[in-house]
Amino acid sequence: MNDLFVANWKMHKTIEETMAYLDAFLPLLDELPDDVDVAIAPPFTALATASARIEGTRCALAAQNVHWELHGPYTGEVSAPMLLELGVRYAIVGHSERRAFFGETDRSVNLKVRTALATGLIPIVAVGETLDLRERGLTDDVVITQVRAAFDGVARTELSKTVIAYEPIWAIGTGKNCDPGEADRVMATIRGCVSGLDETRILYGGSMKAANAASYVERPHINGGLVGGASLDPAGFAHLIRNAAE
Ligand code: PGA
């Protein structure tokens, strides 16, 4: 299975900035080995522009969220068919910022995962513990609960299509990345907690950067990265992927 690197731009970049980013970024992908997959997750407003620009390249498109209903009275929400129409392949589901600030729960994550899979979007399910839970020795319990809930009712045959991102919340945007051995240990726990996750890609997220990316993907259970801050600069993100891939 190819490693996968996803740029999670969060609430950054206008359409104009997206075009400038892709002008710089796409040529750099030619230098990367073939066995690595790349996606960018711009804000919803820039998806259409990005989709047109990446057509025919090896860069795929991801959304940062998706609703579980296909249409209806859900002001402010965006559905899977709307994303698929734009050529979106992946949708991040359950990012800790959405759980913390926008009321995302294990239940809504599960509904979104099921809808994504039913419609042909690949969910990137984000899980991870707070510092408080880690210090109380509850890391494994928390991620096991999140992963089991996310895939509740999902057919075993669908699990290999999904992607999981293990993102310790205390490592996100802090510069304090999780020790790669410890991240790999948690990911092995994740892989083992639901049967059928052997072929599922598990990404590390949380202050991944060019200097530490290789130390993650060399571990047996780590299949790429969900990258926030270090993905905002096109040359920097390409450098990160190249370091990890080589
Ligand atoms: P970071 O964010 O790389 O800035 O820590 C990762 C994420 O939140 O997905």
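Scope of this entry: the structure provided in the associated data block.

Rules and cut-offs
Residues numbered from 1 in each chain as written. Predicted model: local features only at pLDDT ≥ 70, side-chain atom pairs only at ≥ 80, totals over all residues. Heavy atoms only, no water. Helix = DSSP H or I, 4+ residues; strand = E, 2+ residues; numbered from the N terminus. Buried < 20%, exposed > 50% of the residue type's maximum accessible area, 1.4 Å probe, protein only. Areas by Shrake-Rupley, 256 points an atom, 1.4 Å probe, with all protein chains shown as cover. Lys, Arg positive; Asp, Glu negative; His and termini not counted. Charge placed at Lys NZ, Arg CZ, Asp CG, Glu CD. Near = heavy atom within 4 Å. Polar contact = N/O pair within 3.5 Å; in protein donor to acceptor, adjacent residues only side chain to side chain. Phe/Tyr/Trp six-rings, centres within 6.5 Å; stacked < 30°, edge-to-face > 60°. Lys NZ or Arg CZ within 6 Å of the ring centre and 35° of its normal. Arc of directions from axis to C-beta. Contact = heavy atoms within 4.5 Å. Salt bridge = Lys/Arg side-chain N within 4 Å of Asp/Glu carboxyl O. Core = buried A, V, L, I, M, F, W, Y, C linked by side-chain atoms within 4.5 Å. Pairing = 2+ DSSP bridges. Right-handed = clockwise from strand over helix to strand, strands pointing away.

1. Notes on the overall build of the chain
Stage number 1. Within the chain, the secondary structure is distributed over eleven helices and eight strands.
Stage number 2. Structurally, the chain occupies a C-alpha span of about 45 × 45 × 30 Å along its principal axes.
Stage number 3. Counting the 246 residues in the chain, one finds 51% classified as buried.
Stage number 4. When the accessible surface of the chain is split by element, carbon and sulfur atoms take 53% of a total near 10,600 Å².
Stage number 5. Between the mean site of the 22 positive side-chain charges and the mean site of the 32 negative ones, the chain shows a separation of 4 Å.

2. Considerations on the site of the ligand
Stage number 1. In the neighbourhood of the ligand, 13 residues make up the surrounding shell, with Lys-10, His-95, Glu-167, Gly-173 and Ser-207 lying closest.
Stage number 2. One of the side-chain N or O atoms of Asn-8 is found 3.3 Å from an oxygen atom in the ligand.
Stage number 3. When isolated, the ligand has an accessible area of 290 Å², and the protein chains bury 96% of it.

3. Section: the side chain of Glu-182
Stage number 1. Within the fold, Glu-182 resides in helix α9 (residues 180–193).
Stage number 2. Within polar-contact distance, the side chain of Glu-182 engages the side chain of Arg-185 at 2.9 Å.

4. Thoughts on the packing of aromatic side chains
Stage number 1. As enumerated under the stated definition, the model contains five aromatic pairs in all.
Stage number 2. Plain terms: the ring middles of Tyr-21 and Phe-25 are 5.4 Å apart, the flat faces sit at 45 degrees to each other, and that makes the pair tilted. Remark: Phe-25 and Tyr-21 occur in helix α1 (residues 15–29); sequence separation between them is four residues, near one turn of the helix. For the residue pair Tyr-21 and Phe-25, the accessibility class agrees, reading buried in each case.
Stage number 3. Ring centres of Phe-101 and Phe-102 lie 6.4 Å apart, and the angle between their planes is 85 degrees; on these two criteria the pair is classed as edge-to-face.
Stage number 4. Cluster of aromatic residues (ring-pair linked, three or more members): Trp-9, Tyr-21, Phe-25 and Phe-237.
Stage number 5. Taking NZ or CZ as reference, Lys-13 lies 5.5 Å from the ring centre of Trp-9, over its face.

5. Considerations on helix α2 (residues 47–54)
Stage number 1. Within α2 the residues assigned to the buried category are Leu-47, Ala-50, Ser-51 and Ile-54. Looking straight down α2, one finds that the buried residues subtend no more than 105 degrees of arc, so they occupy a single side.
Stage number 2. Where the residues of α2 are buried, they touch α1, β2 (36–41), β3 (59–63) and α3 (80–85).
Stage number 3. Immediately downstream of α2, the backbone of Gly-56 shows phi near 80 degrees, a positive value.

6. Observations regarding the pattern of salt bridges
Stage number 1. Using the criterion set out here, one finds twelve salt bridges in the structure.
Stage number 2. With a shortest N-O distance of 3.7 Å, Arg-242 and Glu-31 are connected by a salt bridge. With a gap of 211 residues between them, Arg-242 in helix α11 (residues 234–245) and Glu-31 in the loop between α1 and β2 connect regions that are remote in the sequence.
Stage number 3. A salt bridge links Glu-182 to Arg-134; the nearest nitrogen and oxygen atoms lie 3.0 Å apart. Highlighted residues: Glu-182 in helix α9 and Arg-134 in helix α6 (residues 131–135), separated in sequence by 48 residues.
Stage number 4. The network of salt bridges with common partners includes Glu-129, Arg-134, Asp-140, Glu-182 and Arg-185.

7. Topic: the nonpolar core
Stage number 1. By size, the foremost hydrophobic cluster in this structure holds 64 residues, and its most contacted members are Phe-25, Ile-40, Phe-151 and Tyr-204.
Stage number 2. Beyond its immediate sequence surroundings of up to four residues, Ile-40 is in contact with Ala-7, Trp-9, Tyr-21, Leu-22, Phe-25, Ala-50, Cys-59, Ala-60, Leu-61 and Ala-62.

8. Thoughts on the pairing of strand β6 (residues 163–166)
Stage number 1. Across the two faces of β6 the burial is the same, with Val-163 and Ala-165 and Ile-164 and Tyr-166 all buried.
Stage number 2. Relative to β6, strand β5 (residues 122–127) runs parallel, the two sharing four bridges. By the bridge assignment for β6, Val-127 is matched with Tyr-166.
Stage number 3. Crossover β6 to strand β7 (residues 201–204) through α9 is right-handed.

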